[in-house]
Amino acid sequence: WLGGALALFAISIVVLLQLGGEFIPELEEGDFAIDTRLLTGSSLDHTIEVAGKVAGALRDSFPEVERIVTRVGSSEIPTDPMPMEMSDVIILLKPKEKWTSAKSYDELAEKMGKVLDDFPGLSAGFQFPIQMRFNELISGARQDVVCKLYGDNLDTLAAYAGQLGALMPGVEGVQDLYVETVTGLPQVQVVYNRQALARYGASVQDVNQVVQASFAGASAGLIYENERRYDLVVRMGEEQKTGLEAIQNLLVPTDGGQQIPLYLLADVSIEEGPNQVQRENASRRIIVSFNVRGRDVESVVKDVQEKVNRQMKLPPGYFVTYGGAFENLQEARDRLMIAVPVSLLLIFFLLYLAFNNLGPGLIIFTAIPLSAMGGIFALWIRGMPFSISAGIGFIALFGVSVLNGIVLLTEIRRLYQEDEQPLLKSIIEGCVSRLRPVLMTAAVASFGFLPMALSQRAGAEVQRPLATVVIAGLISSTFLTLFILPILYQWMEKRKRKRKRNIPVVVWLAVFLLPVSAMAQTSVVENLSLSDALTQVREKHPGMIERMMQASFREALVATAKTVPKTVAEFEGGQNQGPYFDFRLSATQAFQPVGLAKSRTKLLTQETNIARTEIELTSLGLERQVRGYFNQYFAGLAKERLLARLDSVLLEGIRLSKRRLQAGETDKMELINLELLQGILVVERGRNELEQALVRSQLGQFLLMENPVKPSGDWPQLPENPILGDFVLLQTHPLMVLREQEAAAAKDAVAVEKALNNPEWHVGINTISVTGWQQSKDRQTETFYNAGDRFFAGVVGVSVPLFAKGQKAKVAAAGLYEKAMEQQVVVQQQQLQMNYSSLLNQWQNLSNQYRYYQEEAIPRTREIMMLIQQRLRLGAINYLELSTNLKQAIETEIAAIAVRRELESKLIELQYFKSNQ
C-alpha cells in the first residue's frame, strides 16, 4: 500500500507539471466585444464608416446576433482614451440554445473573424466585454497576454516588435495578435530656405503666420451681436485642402508687397513620423499582445518565451516582459510560496499540540498528498488547467481530509492506549467504528459539490475546477486514508516497542494552493408573490424555527417547577447488638421550601410567554427584510421599463436620423449623438439587470430556496394615510410587550429567591431487627427474634436557614434587576415614540415629493417626450436640444423612481410599528 501510494503521488506530481495554469478560467459572459483597429492615421469618418460596415456584415451573416453597438472615441471624462482609428464593437448575442452557426463561443469567434478578414486594413480581436476591460485595467492592453518590449530607440523598438509579432503565429493557442504601431503617421514638413527668404524679402514669422492661418485659423477681427462678441476666424476651406500641391501654392506676402508661393520659400513634403510614444518605468516601450484560445495561458507563454530566447537576440538595454493574466498568475504563485508553507507549519504545530507527539501529527499530515492526488488526476482527466478556482478546491479538500484523519487516529489511539487493547484489534475496531463518520463527511461534501461539477450554465467555468478537485480528492483521500493511516500508525507503534527513534515513513510537504472567490451558481428563476414569500419565511426560516424550538423548550420546563427531591433509602447490617447479624432499613423524603414550586411555575410560565413574543418579533423582522427585497426589485423593474421606453424613442430617432442623413437634410453629428445616447442607455440597462439578478439571488438565499427568486407583481398602491392614530397603540407593540414581560419575569425571579429562603421539610421511617441478649433483673438471657419481629420509628425534620446572609443578598440583587427592567420599559416606550415620529415625518416629506413628481414633473416630462418624437419625425429639432431634453427626462423619471422606492421603505418601517394587532 505504501509503495503504491508513493508511486501514485510521484505520477500526480508529473501530471500537475503538465497541466499548465491560468489565473482564472475564461468566463462565458454571453456577449462579444470586438477590438477593431484600422491603419494609423485613418480619419474619424472612415472609422465610423468601417465600423458600420462591420456591424452590418456580422448582423447579416450570423442570426445569433441580437444587437450590435459600436463605440468610437472617448467620453467627456476620458477614462478610456482611444485613437480615431480604434473602435469597440459590442455584440449582444441571443441565448446559446438559439444558435445555428456555431456550437461554442470559440467557434463563433473564429467564423466571425473570417468574415472580418475581408475588410482591408482591419485587425480585430474577439473577447468578452468584462474580460476585455479587466485586462485593460491590469496591463493597459485589452488582450489576455501582453509582451512589453523596452528600449531607448523608437525605430529599433518597432523593428524588434515586428520580429516578435512574426514569431507568434507559430505558437498554438495564440489568437487575435496585435502589434502596437508607433510610426507611420503622415506629417507635413515645411523646411525653410533662408536664402530664398532673404532674396524675396520675407521672414520666417510671415511664413509661419500664413501656414498657421491656413490650417488652424487666425483671428481677423471681432463681430458683435447684441451684447455678445465673437472672433472672426479665417482659415483655408476644406475644398482647397486637396493635397500637397495646395499647400505648396499658398501665397506669402513680402515686405515689397508681392505674393510669393510657399514652394519658392521652403521645401514642403509629406513624411512619416511617430504615431505615439509610450513610456513605462522611465523607459520607452512597445507592446505585442494576443488572446489565448484553446490552451491555457501558462503553456502558451512558455512556448512564446522559448521561441523568443531561441530566435531573437536583443541588444543591450532592450528586454521583454510578459504581463496580463500570466503576470497575475506569477504574482499569485510568488505570494503563495510564502503563505502556504507558513500555513502548513501552523497546522502541523496545532496537530502537535493536540496529540503532544510528533508522530501522530506527521501521520495525519499524509492526508494532504493523498487527497491532492485525486484532485490532480481529476483535473487531468477533464482537461482542465490548474487555476485559482482549483486552488480554492484544494484548500477546502485539505481541511476535510485532515479532519477525517484526526477522527480516525484519535479513536485508534484511545482503544490502544486507554482501553489497553491489542494494537491490531484497536486498529480494526477503530476503523470499523469510525468508518461511518469518515464516509458521511466525505459524502456530504461530495454530493454538495456535484451540481457545480456537472453544471453547464453561465458561471460554470469557474465552478467546475473547484468542485472537481473537491469531489475527486475526497474519494481518493477517504479510500486511501482508511488503509494508509492505520498502516503508518502500526509501523510507528512497532518502532516504539523496539526503542528506536520515532521517525515516520513519509513526511509529505507537497501543497498546491491558490485563493479565489467562487462564483455563485445560477439556476432557473422562479416567480414568487409577496404573500407566498412571507409564508415561506414564517414557516421555514432557521430564525423562526430556532425561536419556536426555544418556546417549546421553555414550555417543557414549566413542569419542572414542581419537581420533588429524590427519596433517600438506606440499609445497614452487622453486629449492632451482639454477635448475631442485625439490620436496619430507613427511608427519608425531603420537600421543596414552602411556596417555591408556585413561584417557579410563575417564572417559567413568564419565560415561555417571552419566548412566544420573541417569535412574533422575529417574524416581524424577517417580514420587513422580505418586503425590503421586493421593494428593491420593484424599483429596478420600474427603472427597466423606463429605460426600455426611452430606448425605443432613441431607436426611432436613430432610424429617422439615418433617413434624413441619406437625404442630405442633416449631418452625421446628430446621428452620432443619438447613437451615443442609445449606447449609454444600453450600458445603464445592463447595470440595472445585474443589480436585479443580485436581488433575485439574495432573496432566494434568504428564503432558503435552491434557485434565485423572481418576485411577481408590482409595487402595491400607496395608502392615503399611514398614521396609527395615537401613540397609545404603541403600547401593544410586541417590542413593548416583550419589555413588560421581561419586567414581570424579573419580579417573579425575586419571589423565587425569597421562597428559597423558606424552611424545608423532610419525613422518614426506620425499621430495625434485633437478635441478641435480653437483660432481666438478675441475669442475662439470650433471646432470638425472627425476621418478622422488628422495631419501627418515624422521623419528621425541618431545615431552617440560620445563616441566610448570602440568600438575602441574592434577593436584594434580584430586586435591583427588577427595577432596572422596569426602567427599560420606559426607555423602550420613548424610543418607539421617537422612531415612529421621525418615520412619520419622513413619510410625509417624501409623500409630498412623490405627489409633485406624479402630478407635475412626470406628466410634463412625458409631454416633452411626445414633442421630441413629433419633432424628430418632422426634423424640427437639433441634436443639442434632443440630448438636453432626453437627459432631463431620464434624470426626472429616475429621481421619481428613487423617491417611490424610499417612500415604500418608510412605509415598510411604519407597517412594522403597525404590526401590533
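As the structure is a prediction and not an experimental result, all values here were calculated from the model.

Caption draft 1: Examining the overall build of the chain more closely. Looking only at helices and strands, one finds 23 helices and 23 strands in the chain. Within the chain, the fraction of its 917 residues that count as buried is 43%. For the chain, the share of sequence-separated contacts (at least 6 apart) that also reach a separation of at least 24 residues comes to 77%. For the chain, the computed accessible surface area is about 50300 Å², with 56% contributed by carbon and sulfur atoms.

Caption draft 2: Here's a closer look at the packing of helix α2 (residues 44-61) against helix α3 (residues 105-116). Between α2 and α3, whose axes approach to 10 Å, the crossing angle comes to 130°. By the criterion of interaxial angle, the relationship of α2 to α3 is oblique. The way α2 lies across α3 gives a crossing that is right-handed. Contacts from Val54, Ala57, Leu58 and Ser61 of α2 reach α3 at Met112, Val115 and Leu116. Considering only residue class, the contact of α2 with α3 consists of 6 nonpolar, 1 polar and no charged.

Caption draft 3: Quick look at the sheet that holds strand β2 (residues 65-72). With antiparallel pairing, the 4 strands of this open sheet are ordered in space as β2-β3-β1-β4. Each of the sheet's edge strands pairs with one partner strand only, and the pair in question is β2 and β4 (123-127). With strand direction ignored, the average angle separating the axes of adjacent strands in the sheet is 20°. Examined bridge by bridge, strand β1 (residues 31-37) and strand β3 (residues 86-93) share 7 bridges and lie antiparallel to one another. Residue pairing across strands places Thr36 opposite Ser87, the latter belonging to β3. With respect to the sheet, α2 is in contact with β1, β2 and β3, its orientation differing from that of β2 by roughly 170°.

Caption draft 4: Inspection of the pattern of salt bridges at higher detail. Tallied over the entire structure, the rule returns 22 salt bridges. Arg685 is the partner of Glu640 in a salt bridge, and the nearest nitrogen-oxygen pair spans 2.7 Å. Within this pair, whereas Glu640 is found in helix α19 (residues 596-663), its partner Arg685 is found in helix α20 (residues 668-702), the two being separated by 45 residues in sequence. Exposure class is identical for Glu640 and Arg685. Each is buried. For Arg685, the salt bridge identified is with Asp647, shortest N-O distance 3.1 Å. In this pair, Arg685 is assigned in helix α20 and Asp647 in helix α19, connecting sequence segments 38 residues apart. Just as Arg685 is buried, Asp647 falls in that class too. Among the ionic contacts, a cluster of salt bridges with common partners joins Arg67, Glu640, Asp647 and Arg685.

Caption draft 5: Representation of the side chain of Ser101 in the model. Looking at where Ser101 falls in the secondary structure, it is placed in the loop between β3 and α3. Excluding its chain neighbours within four sequence positions, the residues that come into contact with Ser101 are Phe62, Pro63, Glu64, Glu107 and Lys111.

Caption draft 6: Representation of the side chain of Gln536. Mapped onto the fold, Gln536 is located in helix α17 (residues 530-540). A distance of 3.2 Å separates the side chain of Gln536 from the backbone oxygen of Leu703, its partner in a polar contact. Among all residues touching Gln536, those that are not within four sequence positions of it are His541, Leu703 and Met705.

Caption draft 7: Geometry of the sheet that holds strand β20 (residues 760-769). Spatially, β17-β18-β20-β23 is the arrangement adopted by the 4 strands of the open sheet, whose pairing is antiparallel. Every other strand in the sheet has two partners, leaving β17 (568-574) and β23 (790-799) as the edge strands with one partner each. For this sheet the average axis-to-axis angle between neighbouring strands, irrespective of direction, equals 15°. Of the strand pairs in this sheet, β17 and strand β18 (residues 582-590) are connected by 7 bridges, and their pairing is antiparallel.

Caption draft 8: Main features of the packing of α19 against helix α21 (residues 734-755). Direction vectors running N to C along α19 and α21 enclose 160°, while the axes themselves pass 9 Å from each other. With respect to their mutual orientation, α19 and α21 come out roughly antiparallel. In the crossing of α19 with α21, the sense of the turn from one axis to the other is left-handed. Residue composition of the contact of α19 with α21, grouped by class: 15 nonpolar, 5 polar and 6 charged.

Caption draft 9: Structural context of the packing of aromatic side chains. Overall, the coordinates contain 6 aromatic pairs when judged by the stated rule. Look at Tyr629 and Phe702: their rings are 5.8 Å apart centre to centre, the planes differ by 50°, and that puts the pair in the tilted class. Linking Tyr629 in helix α19 with Phe702 in helix α20, this pair joins segments that are 73 residues apart in sequence. According to the relative accessible area criterion, Phe702 is buried, its value standing at 14%. Here the guanidinium or amino end of Arg900 rests over the ring plane of Tyr850, the centre of that ring lying 6.0 Å away.

Caption draft 10: Focus on α17. Taken together, the buried positions of α17 are occupied by Ala533, Leu534, Gln536 and Val537. Mapping the buried residues of α17 onto a view down its axis gives an arc of 160°, with all of them on the same face.

Caption draft 11: Representation of a nonpolar patch on the surface in the model. On the surface, a cluster of nonpolar side chains totalling about 1100 Å² of accessible area is made up of Val564, Phe591, Val594, Trp761, Val763, Val796, Val798, Val800, Leu802 and Phe803. Of all elements in the fold, only β20 and β23 reach the threshold of two or more residues within the nonpolar patch. Mapped onto the secondary structure, Val564 falls in the loop between α18 (542-557) and β17.

Caption draft 12: Quick look at the nonpolar core. Counting residues in hydrophobic clusters, the biggest one holds 44 residues, and the most contacted among them are Leu379, Phe394 and Tyr489. Elements that contribute at least two residues to this core include exactly α1 (2-19), α10 (325-355), α11 (358-365), α12 (367-381), α13 (388-418), α14 (423-433), α15 (435-454) and α16 (460-497). In terms of residue count, α16 provides more of this core than any other element does, 10 residues in total. Counting 39 residues, the second-largest nonpolar core is a separate cluster that includes Leu528, Leu622, Leu681 and Leu882.

Caption draft 13: Geometry of the environment of Ile260. Looking at the secondary structure, you find Ile260 in strand β11 (residues 259-261). A C-alpha to C-alpha distance of 8.0 Å links Ile260 and Tyr200, two positions 60 residues apart in sequence. Leave out the neighbours within four places in its chain, and Ile260 touches Tyr200, Leu250, Leu251, Val252, Thr254 and Leu265.

Caption draft 14: Spatial organisation of the environment of Gly113. Mapping Gly113 onto the fold places it in helix α3. Among the residues examined, Gly113 registers a relative accessible area of 18% and is labelled buried. Between the C-alpha atom of Gly113 and that of Ser123, which follows or precedes it by 10 residues, the distance is 9.3 Å.

Caption draft 15: Examining the confidence of the model for the chain more closely. Predicted confidence across the chain gives a mean pLDDT of 77, with 86% of residues reaching 70 or more. Confidence drops under a pLDDT of 50 for residues 499-525, and excluding neighbours within four residues, the segment shows 75 contacts in the predicted structure.

Rules behind the numbers
Residues numbered from 1 in each chain as written. Predicted model: local features only at pLDDT ≥ 70, side-chain atom pairs only at ≥ 80, totals over all residues. Heavy atoms only, no water. Helix = DSSP H or I, 4+ residues; strand = E, 2+ residues; numbered from the N terminus. Buried < 20%, exposed > 50% of the residue type's maximum accessible area, 1.4 Å probe, protein only. Contact = heavy atoms within 4.5 Å. Areas by Shrake-Rupley, 256 points an atom, 1.4 Å probe, with all protein chains shown as cover. Axes fitted to C-alpha atoms, helices over the stretch in contact; angles between N-to-C directions. Parallel < 35°, antiparallel > 145°, perpendicular 65-115°, else oblique. Left-handed = near helix turned anticlockwise from the far one by under 90°. Nonpolar A, V, L, I, M, F, W, Y, C, P; charged D, E, K, R; others polar. Pairing = 2+ DSSP bridges. Salt bridge = Lys/Arg side-chain N within 4 Å of Asp/Glu carboxyl O. Polar contact = N/O pair within 3.5 Å; in protein donor to acceptor, adjacent residues only side chain to side chain. Phe/Tyr/Trp six-rings, centres within 6.5 Å; stacked < 30°, edge-to-face > 60°. Lys NZ or Arg CZ within 6 Å of the ring centre and 35° of its normal. Arc of directions from axis to C-beta. Patch = residues over 30% accessible without salt bridge, like charges linked within 9 Å, V, L, I, M, F, W, Y side chains within 5 Å. Core = buried A, V, L, I, M, F, W, Y, C linked by side-chain atoms within 4.5 Å. pLDDT = per-residue confidence, 0-100.

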